[in-house]
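Observations on the three-dimensional arrangement
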Amino acid sequence: MPRTPAWWFDGSPPPAWARLLAPVYAALVALRRLGYRRGWLRRRHPGVPVIVVGNLVAGGSGKTPLVLALVEHLRAAGWTPGVASRGHGRHAPGTPRWVEAGMPAALCGDEPLLIAQATGVPVRVDRDRVAAARALAAAGCDLVVCDDGLQHYRLARDVEIEVQDARRRYGNGRLLPAGPLREPLERAADCDLRVLNLGVPVGPQTDATGAGEWPMQLAPGELRPLAGGRRLPLGALAGQRVHALAGIAEPERFFAMLRAAGIAVVPHAFPDHHAYAPEDFTFGSPLPVLMTEKDAVKCAAYARPDWYAVPVRAQLPEAFWQALLARLPARGA
C-alpha cells in the first residue's frame, strides 16, 4: 500500500490535481449512497446479526485489535461468531477462501490470518462480503463480524462501529484524494458506536472520551518468539537496543509503545501490508528483532531465535460492551 500523503494530516495544502479529483470522487460516493437509499441498489442480509467494524479514514486505525476483542467478548456472551474480510493484498483476490492458521498470508491477507490464528473462529475472505457472511452463517456462525466493511453497503448490518485514530482523527476533513475521507463526515452520525484508539495506556481509563465515543487502549502483552519457545515479559528487554519492525499504517505508534516500556528502538518502518522477504532483515547489527503480530504472521517461516512478536490487547470500558450487546437481537431471535 502506498504511504499516506503528507497533506492529509500535516496541514499543508493538497496539490491541485487532488483538489480537482475530490469533487469527482464525492459525486460517485453520493450517487452510490443515493442508490441504496432509494432502493435502486439492494442490500442483502445473511440471516444472522452482522457487526461491521470500519472507518471513514483511509488506512489503519486499530480495527484488527478491536475485532479480536469483539470475538472474545461475543463468545463470552454466548455467541458463535465468525469474521468476514476482503483480505487486503492477497493473491487471487477474486477467489473466496477459508482462512486456516498455517496458510501463507499471501493467500488470505495478513490481518485475516492473524485473526484466525489468534481466535480460532471461522474466517472467510471474499471481495463479496455478503457471500462471505452467508458462508459463515452456513458454517454454523450465529453472528458475523465484518472487518473493514463500513462502505460495503450491499451487506445489510445490525451494528456499525466506527474506529478512529485519536491522534489523526479525520485529518484535513477532505474527501479522497485531497484528504483521507472515504465518505463525507456526516456519514459518521449513522454509526451506532465510535471507538477512539488512544494507543498505549497512559493513565486510568474513563468511560467515554466525548459524545458517543468510547476509548480503546492497546496494552502490550508478553513477547512471543517467532521460532518457538518460552514467552518473555516485555520488560525483559528494557534498557536494551532492538530492531523494531512495523509494516502497519502508523508504525510510530508501535515504536512509541516499545519506547514507553524502556526499550531503545532502532526503527524500521515498512508500508502497510508489506510482503516481507529475508533480505528485509539485513540490518547490519545483531540485535533482537521486535515486530507487530500482523508482521509476524508473514515472517515465521524464516524467523531466527531472537525475533519476537509483540501482541497487543484492546481494552475498552465495560459500559462499551454493554452498549454493544444491547444493540444486538436476542440470541436465536
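Below: a short report on this structure. From a predicted model like this one, the values you see are computed outputs, not experimental measurements.

Calculation notes
Residues numbered from 1 in each chain as written. Predicted model: local features only at pLDDT ≥ 70, side-chain atom pairs only at ≥ 80, totals over all residues. Heavy atoms only, no water. Salt bridge = Lys/Arg side-chain N within 4 Å of Asp/Glu carboxyl O. Helix = DSSP H or I, 4+ residues; strand = E, 2+ residues; numbered from the N terminus. Buried < 20%, exposed > 50% of the residue type's maximum accessible area, 1.4 Å probe, protein only. Polar contact = N/O pair within 3.5 Å; in protein donor to acceptor, adjacent residues only side chain to side chain. Contact = heavy atoms within 4.5 Å. Axes fitted to C-alpha atoms, helices over the stretch in contact; angles between N-to-C directions. Parallel < 35°, antiparallel > 145°, perpendicular 65-115°, else oblique. Nonpolar A, V, L, I, M, F, W, Y, C, P; charged D, E, K, R; others polar. Pairing = 2+ DSSP bridges.

A word on the pattern of salt bridges. Pairing between side chains of opposite charge can happen when their charged atoms approach one another. All told, the structure shown has 17 salt bridges when counted by the stated rule. A salt bridge links Lys 294 to Glu 111, with the shortest nitrogen-to-oxygen separation between them at 3.0 Å. Here Lys 294, found in helix H7 (residues 293-296), pairs with Glu 111, found in helix H4 (residues 110-119); they are 183 residues apart in sequence, far enough to count as distant. With respect to burial, Lys 294 and Glu 111 carry one shared label: buried. Ionic contacts of the salt-bridge type, sharing partners, join the residues Arg 157, Glu 160, Glu 183 and Arg 187 into one network.

Topologically, Glu 162 is positioned in strand E6 (residues 159-165). Residue classification places Glu 162 among the buried positions, given a relative accessible area of 0%. Within the local environment of Glu 162, its side chain forms a polar contact with the side chain of Gln 164, the two groups lying 3.5 Å apart. Polar contacts involving the side chain of Glu 162 include one to the side chain of Tyr 170, which spans 2.7 Å. The contact partners of Glu 162, leaving out residues within four places of it in the chain, are Gly 54, Asn 55, Leu 56, Tyr 170, Ala 188, Cys 191, Leu 193, Arg 194 and Val 195.

Where helix H2 (residues 63-76) meets helix H8 (residues 318-326), the axes come as close as 12 Å, and the angle between the chain directions of the two elements is 70°. By the angle between their directions, the pair H2 and H8 is classed as roughly perpendicular. Here Ala 69, Leu 70, His 73 and Leu 74 of H2 lie close against H8, whose contacting residues are Trp 321, Leu 324 and Leu 325. Tallied by class, residues from the contact of H2 with H8 come to six nonpolar, one polar and no charged.

Spatial ordering of the open sheet is given by E3-E4-E2-E5-E1-E6-E7-E8-E14, a layout of nine strands whose pairing is mixed. Looking along the sheet, the strands with just one partner apiece sit at the ends: strand E3 (97-98) and strand E14 (312-315). Across four bridges, the pairing between strand E8 (residues 213-220) and E14 is antiparallel. In the sheet register, Leu 218 faces E14, and the bridge partner there is Ala 314. In the packing of H4 onto the sheet, the strands contacted are strand E2 (81-85), strand E4 (123-125) and strand E5 (143-147), and the crossing angle to E4 comes to about 165°. Its contacts with the sheet put H8 on strand E1 (50-54), E6, strand E7 (193-199) and E8, and the angle it makes with E7 is roughly 155°.

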